[in-house]
Every structure is written in C-alpha cells, then in structure tokens.
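# Summary of the model geometry
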Amino acid sequence: MTGDVSDVCESSEDVVRAKRKRPWVMPVAVGVAGVLVGAAALWAWQAKGSPDGGAFTLEGAFVLKTGATTAVFERGGDCTGYDGGGYGDIVPGAQVTVYDGSGAVVATGRLGKGKLPEGSNSSVPCTFPVKVAGVPKGSKFYRVEVAHRGEVTVSAADAEAGRFAASLG
C-alpha cells in the first residue's frame, strides 16, 4: 500500500468482492433471529397464566342425579348416563374441558368410570371421577365443562385443592 488513490479503490473492490462471496450471511442471520424470537414467544405463551411455570391436576366429581342414569342392580356397581333420558353423552371417557379466566382452553381430560354409592340399589346418583392434568396455575378462577353441558366456575383455590364438584339431572 503506497497511499495512492488506486490502493484505496483496490481495497474497496476487495471488500465488495468479499461481500459477494458470502450472500448467505444476511438471510442466515435473519433466520436465526426469527427462530430465537419464535422460541421466546412460544415459551412466554406456554408460561402464560403460570408465573412460576407450575401446573396442577384438577380433580373432583361429576354427579348425575335422579332419573338421569341407567338402572344398575349391583351395589356400588358401574353406572352411565341414560340415553333414553337425554344423558347418553355422560359416559366414562366423555371430554372434560378446562378454561382459564380469559376463556382460553388450558387443559382437557376425560370422565372416569361412573359408580353408584356403596349399598345403593338404585341407578342414582351416579358419580364420575374428574381428573384433568396439566392445568396451568395463575388464573383467579377456572371454568370446567363436561361433554358440552355448560361451564361450571370454580375458584383457583378449590381447583388446585381437588375440590371440583358439579351435577346434572
């Protein structure tokens, strides 16, 4: 390098040529930045409503009352919703949906096996256990829906303590 203007021009041309040799750098950098932003957004979305990142299992019972279940003649036997009475959708495996305070679905589960009370010779009441895992903590209340039969509101304290209770019929 002699300090001549031509030296500066040559070095500028070298820079331009070097930039042309790596045209992939900018798209790769933008792609990496996009992945990082997307990962951060996904993490924030998953942690929404759960400041400590914790979750709990909502537990309790769903009860079909008088006239709503099939006749079961075994004491403490199995029971299910009576289809002829309009309750045929209340069966073991029926969907249970949990919503947070804003109305977003946060977890789903299924009804357990319906049981009659010990010593009962009637088909009612039929009690189904409810267990929904992975409910994020942080909402002031939750709404729980069994088989599209309407939502029941439960406080966060009761939901987290396993004190969900609802009935139909």
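Residues numbered from 1 in each chain as written. Predicted model: local features only at pLDDT ≥ 70, side-chain atom pairs only at ≥ 80, totals over all residues. Heavy atoms only, no water.

### Examining the overall build of the protein chain
Rules: Numbering of helices and strands starts at the N terminus; helices are DSSP runs of H or I of at least 4 residues and strands are runs of E of at least 2. Only protein chains enter the accessibility calculation, which uses a 1.4 Å probe. A residue is then buried if its area is under 20% of the maximum for its type, exposed if over 50%, and partly exposed in between. In what follows, residue pairs with any heavy atoms lying within 4.5 Å of each other are defined as contacts.
Within the protein chain one finds three helices and nine strands. Ordering the α and β elements of the protein chain from the N terminus gives α-α-β-β-β-β-β-β-β-β-α-β. Across the 169 residues that make up the protein chain, the buried fraction comes to 30%. Taking all contacts inside the protein chain whose residues are at least 6 apart in sequence as the whole, residues at least 24 apart take part in 62%.

### Quick look at the pairing of strand β7 (residues 141-146)
Spelled out, the test is: One bridge is not enough; two strands pair if DSSP finds at least two bridges between them.
Summarising burial for β7: five of the six residues are buried, a large majority. With four bridges connecting them, strand β3 (residues 95-99) and β7 associate as antiparallel partners. Counterpart to Y99 in the pairing with β7 is R143. The turn linking β7 back onto strand β8 (residues 151-155) is made up of four residues, and A147 within it adopts a positive phi angle of 50°.

### A word on unusual backbone geometry
Of note in the backbone geometry, A147 takes a positive phi value of approximately 50° without being a glycine. Within the element layout of this structure, A147 appears in the loop between β7 and β8. You will see that H148, though not glycine, has its phi angle at about 60°, which is positive. Looking at the element boundaries, H148 is found in the loop between β7 and β8. Accessibility expressed as a relative area gives 67% for H148, which makes it exposed.

### So, the nonpolar core
So the rule is basically this: In this text, buried Ala, Val, Leu, Ile, Met, Phe, Trp, Tyr and Cys residues form a nonpolar core when linked through side-chain atoms within 4.5 Å.
L58, F62, I90 and L111 are the most contacted members of the largest nonpolar core, which totals 28 residues. Ranked by the residues each element gives to this core, the list is headed by strand β6 (residues 126-136), at five residues.

### Topic: the confidence of the model for the protein chain
Low pLDDT means the predicted atomic positions in that stretch should not be read closely. So the rule is basically this: Confidence of the predictor in every single residue is expressed as pLDDT, which spans 0 to 100.
Considering every residue of the protein chain, the mean pLDDT works out to 79; 61% of them sit at 70 or more. Mean pLDDT values for the elements of the protein chain range from 56 in helix α1 (residues 5-21) up to 98 in β3.

### Examining the environment of T57
Here T57 is to be found in strand β1 (residues 55-64). Look at T57 and you get partly exposed, because its relative accessible area is 28%. When the C-alpha positions of T57 and V132 are compared, they lie 5.4 Å apart, and in sequence the two are 75 residues distant. Not counting the four nearest positions on each side in its chain, T57 is found in contact with K131, V132, A133 and A159.

### Details of the packing of aromatic side chains
The test is simple: Any Phe, Tyr or Trp ring, taking Trp's six-membered ring, that has another such ring centre within 6.5 Å forms a pair; planes under 30 degrees apart are called stacked, those over 60 apart edge-to-face, and the others tilted.
Across all of its chains, the model carries one aromatic pair by this definition. A ring pair is formed by F56 and Y142, whose centres lie 5.5 Å apart and whose planes are at 75°; its orientation type is edge-to-face. Taken together, the residues F56 in strand β1 and Y142 in strand β7 connect sequence positions 86 residues apart. On the accessibility criterion, Y142 (0% relative accessible area) is buried.

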